[in-house]
Amino acid sequence: MAAVPSTGIAEALASVVPRGNRGGAGVEAALASDAEPQLLLLSAQTQGALEEASVELRGFLTGNAVAVADVAQALQGRSEDLPYRRMLVCRGREDALSALSEPRPHRAPSSHVVTEQRSTVLLLPGIGDHYVGMAEGLYQAREGFREEVDRCAGILKPLLGVDIRQVIYPASQSWKQTTQAKGIDLKRMLGHSADEPPDADTIRLGTTLFSQPALFTIEYAMACQWASLGVTPSAIVGHSMGEYVAACLAGVLSLEDALRLIAVRAKLVNDLPQALMLAVMLPEEELLPQLPADLSVSLINGPSHCVIAGAPDAVAAFERTLTGRGVIARRVQNGHAFHTRLMEPVARAFEEEVRTVRLNAPQIPYVSNVSGTWITTAEAQDPTYWVRHLTHTARFSAALHAMWQLPQPVLIECGPGRTLTILANQHPERKGPLRGAISSIRQRYENENDMQVLLGAVGRAWLAGTAVSWQGLRGPNITFASPPSAVWSAPPPAAGAAPQPSAGAAPQVSTGTGAQSAAAAANEAARAPEADASAANDAPRNERERELLAIWSRALGRADIGVNDSFGALGGDSLSSIAVIMEMKRVGVPDALARGIYQDLTIREMVGQGADAAGASRQVTAVNGIAVSAVETPVFLRALGIYLVIASHYGLTIFEGNPVLMVVSGLSFAKFQLRTIAKERTILPVVRFSWRIALPAIIDTIARQIAHHSFDPKSLFLIDNLLEPHPFGAHESPYYIDMLIQCLLIAAIPLAVPVIRRFAVARPLQYGMIGLAASWLVSILVPFFFDRTHVWTTVPHSYMWLLALGWCAAYSATRRQKLLLTCAFLGLNLISYYVGGRLGWNGFPGRGVHGYVVVTTLALIWLDEIPVQIPSVLVQAINAVAAASLFIYLTHIAFKDVVQWLWSHLAVHGWPSFPLWLIVPMAMAGGYYVWTMWESAMRSMRVWLGRSKSVAPAPPTGSW
């Protein structure tokens, strides 16, 4: 007998026999079982007891050579399911130990099930996520699933003339050849088919004639699997064709009649002309005014997610129009315009077919795609309803609205992928955190074991509070001679009203005796501060987490997310994921890290994996440090540049930071202003941004003119640098601010042209390199023809190529790109040296960039390759300096004078003069203080004018 823990799960594990006590055949059977996925369950009365049980299980597995299948069966056979739960899916003892030892919650998720009533809802998807080989692992491993698929295939064969199993699982087994590596296939996920055309099996399944019967078969078999596990739905929500599966499961249609209607419907539609369907990220009210007359809205999947359909040429033209406007659109895997007027030619023939079948009253509530609310008996039994279902817009968003009125629904998707759970999660009617959004079958781009996915789904349903019959998971599968509505025995719905789940439909959680319940309540109350701490722990800890949090918030339109949320759980779908990946790549997030959104990783886990990988590759060791690559590059370099400016003005160095600031400004322009220009399709954001810089500079200029009793109107227009070769007088505007604004506006002007803007967004590095070559050439030619003595060094032509260099640095992601940019920069600078006359630490940009600018620019390009870590405190200081850099630039001379005046009046006679190295940080701190006052005043002004609500100050975003 195995050595078992003395408490907690000891009773459950006492019956587990070690391999050594089994004999030869028993050992072989145990080893074979370890090769299959297993589901381990733990439950306890308190969180502390759950952690103790996890430790006990880990110790038991460490000290005993046992078959994990036996451990899984023992844990599943426990007499009661307590409120604090944890589950993990593993293969073998070592995998189980690894999962129990990892701190990452996605490997061994846990939950706290309360006694409130929950509703279980089955979600049945329509066409779009099907693929060759879907659920093949379940077909091989689950007898009940296989029998239901075989039964559907037998009914469909005389109707279609083929065995649908040969379409789903063709003899070529082509799907196995494309799922070799574990994890996410990003190319297949994004639908990149231009360089990887679909194979013949995929094309065959994709035809309407086969795709709908095939998907019906898989969804029906999957729903029967959940029924065999004792999962009783309170309601069913079908999407498009999924409503036929819902009607069958609810008893409106027999399985034979449902498959007959699906087959006839597919045949009729398959003979219609081909069409395209296009998913568009726009609300219906915004889409309709733009929609051409020859296109129709087919599906409304969410408040800002519609699908339009029509003739291929018309859809393609509208797709190009949307792309030009910056609207995200993606083609749907469907060859006909379902739910539109293009279906009307087959409506009469289909109605005649519907009138030949028996339509019954629904025994399980389900939602109508036509009305967007609960199906009524009259609708379900009306043949014309099913015609309207074919030719009218499917209002799935309204259906989700109706579903979310159920008490705390647990959502179980019974088809391939998780599109419906994502749409449901994104819906504004969702109240509170989503504690159950479960997909049963992997997506086509997930290279995971099908049984492992199903076991994970069953475990998550249990975590959400759903009652599960574990005997159905371990023993022979239940098969159904008729749709499982009779087994579920849910009451028929009231006409047009939301269903009232039966007593058996809501999960009943065992909480033990009254004393145990009281103890649990007391324990929960005691853990309230811990919950608050957990909420605080959801805040970002570093710049990378803040960056990803901002990107996800914009993409999902939600402000209530934290770093411990995963993209899928927040409602991210395939369209928003594309936008997010593009944005993450634009800011330098590696592909390997970006793929984490499709692995249900949280922001913190993704950043942690990236830091782990960086640490492993660079062998960096630091305590409480942040990798320099995780610090936002323009923030870091801008803080360095502003320090150089101040240090040079105080005589600590001969360096001048203005060229460095211009390079960094170009990097900031590329990373921040470009995305806003692309979104608004105008350069007005740069104009507004320039005004934000100009206003404090104008105020500073006025203040200095008053202080020096001088006045020069032209300085208020920030053009002194264009009129005077050396604009450094007391009455003149800050020449670098003048030049920065002028350079930004010049750089923005080409982006006002749509074709140029689209090219810059699509190929930012190539655009930057073109800009670099052109602006560098201008910086050489203008002085050669008009300023041979290099007097005009503070005008835009001498700095524009530094701005372009910063742009290129922002988008040089690979080492090859960095090397190319480095060679181009050094080559151009060398030419500037020979043309201009010299290259040195004090050279002007027009005749060879400063040597230290060369060094810092190269450091900027290669920043993420430098094996350095920065302490967290220094990161905070860098962010503060960078955020206040404009005000530090404008006020550092004034603070220098103030500090020296105070020292001269307060210092004791004989004391040494105030050290310059202390004046620099004091001047920077003073500029930061002025910035905070300015920001506070601007917020108060906006609130007073009614332009915004009173909110806390936003963290620095690196805009300048």
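Bear in mind that the values here come from a model prediction, so they are computed numbers and not experimental data.

**Student:** Would you mind going over the overall build of the protein with me for this structure?
**Tutor:** Looking only at helices and strands, one finds 43 helices and 16 strands in the protein. Burial status across the protein gives 53% buried among its 960 residues. Nonlocal contacts in the protein, meaning residues at least 24 apart in sequence, comprise 77% of its contacts between residues at least 6 apart.

**Student:** Help me out: how do you make sense of the pattern of salt bridges in this one?
**Tutor:** Pairs can form between side chains of opposite charge once their charged atoms are near each other. Counted according to the given criterion, the structure contains eleven salt bridges. In this structure, the salt-bridge partner of Glu148 is Arg151, at a minimum N-O distance of 2.9 Å. Placement of the pair is Glu148 and Arg151 together in helix α7 (residues 143–160), with a separation of three residues, close to one helical turn. Taking the relative accessible area as the measure of exposure, Arg151 reaches 23% and is therefore partly exposed. The partner of Arg165 in a salt bridge is Asp150, with the nearest N and O atoms 2.9 Å apart. With Arg165 in helix α8 (residues 164–168) and Asp150 in helix α7, this pair connects stretches of sequence that are 15 residues apart. In this structure Asp150 comes out as partly exposed when scored by relative accessible area, which is 27%. Among the charged side chains, a network of salt bridges with common partners joins Asp150, Asp163 and Arg165.

**Student:** Even after reading the chapter, I still don't get unusual backbone geometry, so can you show me in this structure?
**Tutor:** At Ala135, a position not held by glycine, the phi torsion is positive, near 65°. Here Ala135 shows up in the loop between β4 (119–124) and α6 (136–141). Given the relative accessible area of 0%, Ala135 is considered buried. Even without glycine at this site, Ser240 takes up a positive phi of about 55°. By relative accessible area, which is 10% here, Ser240 ends up buried.

**Student:** Looking at this model, I keep getting lost on the side chain of Gln76. Mind explaining?
**Tutor:** Looking at where Gln76 falls in the secondary structure, it is placed in helix α4 (residues 68–76). Residue contacts for Gln76: discarding those within four places in its chain leaves Leu39, Leu41, Trp470, Leu473 and Arg474.

**Student:** Sorry if this is basic, but what is going on with the nonpolar core here?
**Tutor:** One recurring pattern in soluble globular proteins: nonpolar side chains tend to sit buried together. Counting 91 residues, the largest nonpolar core has Phe145, Phe216, Trp226 and Tyr366 as the members making the most contacts within it. The dominant element in this core, judged by the number of residues it contributes, is helix α12 (residues 208–228), at twelve residues. Judged by nonpolar contacts, the second largest core, of 71 residues, contains Phe689, Ile737, Ala748 and Phe887.

**Student:** Just checking my understanding: could you explain the pairing of strand β7 (residues 276–280) for this structure?
**Tutor:** Side-chain direction in a regular strand flips from residue to residue, so the side chains alternate between the two faces of the sheet. By the criterion of burial, β7 is predominantly enclosed, with five of the five residues buried. Here β7 shows a buried face lined by Leu276, Leu278 and Val280 and a second buried face lined by Met277 and Ala279. Across five bridges, the pairing between β7 and strand β9 (residues 305–310) is antiparallel. The partner of Leu276 across the bridge, within β9, is Gly310. One ladder, built from three bridges, connects β7 with strand β10 (residues 329–331); its direction is antiparallel. Paired with Val280 across the strands is Ala329, a residue of β10.

**Student:** Teacher, can you tell me more about the packing of helix α36 (residues 754–762) against helix α37 (residues 764–786) here?
**Tutor:** When two helices pack together, their arrangement is given by the angle between the helix axes and the distance between those axes. It is the contact of α36 with α37, at a shortest axis distance of 5 Å, that shows an interaxial angle of 115°. Seen from α36, the contacting residues are Ile756, Phe759, Ala760, Val761 and Ala762; seen from α37, they are Pro764, Gln766, Tyr767 and Ile770.

**Student:** Before we go on, may I ask you to explain a nonpolar patch on the surface in this structure?
**Tutor:** Together, Leu777, Leu781, Phe784, Phe785 and Phe786 give the surface a local cluster of nonpolar side chains, amounting to about 560 Å² of exposed area. Relative to the helices and strands, Phe786 is located in helix α37.

**Student:** Just checking my understanding: could you explain the packing of aromatic side chains for this structure?
**Tutor:** To describe a pair of aromatic rings, one takes the distance between the centres and the angle between the planes. In total, this model carries nine aromatic pairs according to the counting rule given. Ring plane angle 85° and centroid distance 5.2 Å describe the contact between Tyr385 and Trp386, whose orientation is recorded as edge-to-face. Here Tyr385 and Trp386 have matching classes, each one buried. Three or more aromatic residues link up through ring pairs in this structure, and these residues are Phe669, Phe759, Tyr767, Trp807 and Tyr811.

**Student:** Help me out: how do you make sense of the sheet that holds β7 in this one?
**Tutor:** Adjacent strands of a sheet pair through backbone hydrogen bonds, lying either parallel or antiparallel. Spatial ordering of the open sheet is given by β8-β9-β7-β10, a layout of four strands whose pairing is antiparallel. Strand pairing shows two members of the sheet lacking a second neighbour, β8 (296–302) and β10, which therefore form its edges. For this sheet, the mean angle separating the axes of adjacent strands, direction not counted, is 25°. Relative to β9, β8 is paired through five bridges, and the arrangement is antiparallel. Each bridged residue has a counterpart across the sheet, and for Val297 the counterpart in β9 is Ile308.

**Student:** Looking at this structure, I do not really get the environment of Leu423. What am I missing?
**Tutor:** Looking at the secondary structure, you find Leu423 in helix α21 (residues 419–426). Take Leu423: its relative accessible area is 4%, and that puts it in the buried class.

**Student:** Can you help me understand helix α3 (residues 47–63) in this one?
**Tutor:** In an α-helix there are 3.6 residues to a turn, and that puts residues three or four apart on one side. Look at α3: 25 Å from first C-alpha to last across 17 residues, which is about the 24 Å you get at 1.5 Å a residue. Within the sequence span of α3, burial applies to Gln47, Leu50, Ala53, Ser54, Glu56, Leu57, Phe60 and Leu61.

**Student:** What is the right way to read the environment of Leu716 from this model?
**Tutor:** Position of Leu716 among the secondary structure elements: in the loop between α33 (684–707) and α34 (720–723). Take Leu716: its relative accessible area is 26%, and that puts it in the partly exposed class. In sequence terms Leu716 and His731 are 15 residues apart; their C-alpha atoms lie 9.7 Å from each other. Once residues within four sequence positions are removed from consideration, Leu716 is found in contact with Ile698, Thr701, Ile702 and Phe711.

**Student:** Got a minute to help me understand helix α16 (residues 312–324) in this structure?
**Tutor:** Helix length check: α16, at 13 residues, gives a terminal C-alpha distance of 18 Å against a target of 18 Å (1.5 Å per residue), a fit within 8%. Restricting attention to buried positions, one finds in α16 the residues Ala314, Val315, Ala316, Phe318, Glu319 and Leu322. Residues of α16 that are buried sit in contact with β7, α15 (284–290), β9 and β10. Taken from the residues just after α16, Gly326 is the one with a positive phi, measuring 80°.

**Student:** Sorry if this is basic, but what is going on with the sheet that holds strand β12 (residues 409–416) here?
**Tutor:** Taken together, the five strands give an open sheet; going across it, the order is β11-β6-β4-β12-β13, and neighbouring strands pair in parallel fashion. Of all the strands in the sheet, the pair left with one neighbour each is β11 (366–367) and β13 (437–441). Most of the contacts of α21 go to β12, to which it runs at about 145°, and overall it touches β4, β12 and β13. Contacts between helix α22 (residues 450–463) and the sheet are confined to β12 and β13, with β13 contributing the most and set at about 155° to the helix.

Parameters at a glance
Residues numbered from 1 in each chain as written. Predicted model: local features only at pLDDT ≥ 70, side-chain atom pairs only at ≥ 80, totals over all residues. Heavy atoms only, no water. Helix = DSSP H or I, 4+ residues; strand = E, 2+ residues; numbered from the N terminus. Buried < 20%, exposed > 50% of the residue type's maximum accessible area, 1.4 Å probe, protein only. Contact = heavy atoms within 4.5 Å. Salt bridge = Lys/Arg side-chain N within 4 Å of Asp/Glu carboxyl O. Core = buried A, V, L, I, M, F, W, Y, C linked by side-chain atoms within 4.5 Å. Pairing = 2+ DSSP bridges. Axes fitted to C-alpha atoms, helices over the stretch in contact; angles between N-to-C directions. Patch = residues over 30% accessible without salt bridge, like charges linked within 9 Å, V, L, I, M, F, W, Y side chains within 5 Å. Areas by Shrake-Rupley, 256 points an atom, 1.4 Å probe, with all protein chains shown as cover. Phe/Tyr/Trp six-rings, centres within 6.5 Å; stacked < 30°, edge-to-face > 60°. Expected span 1.5 Å × (residues − 1).

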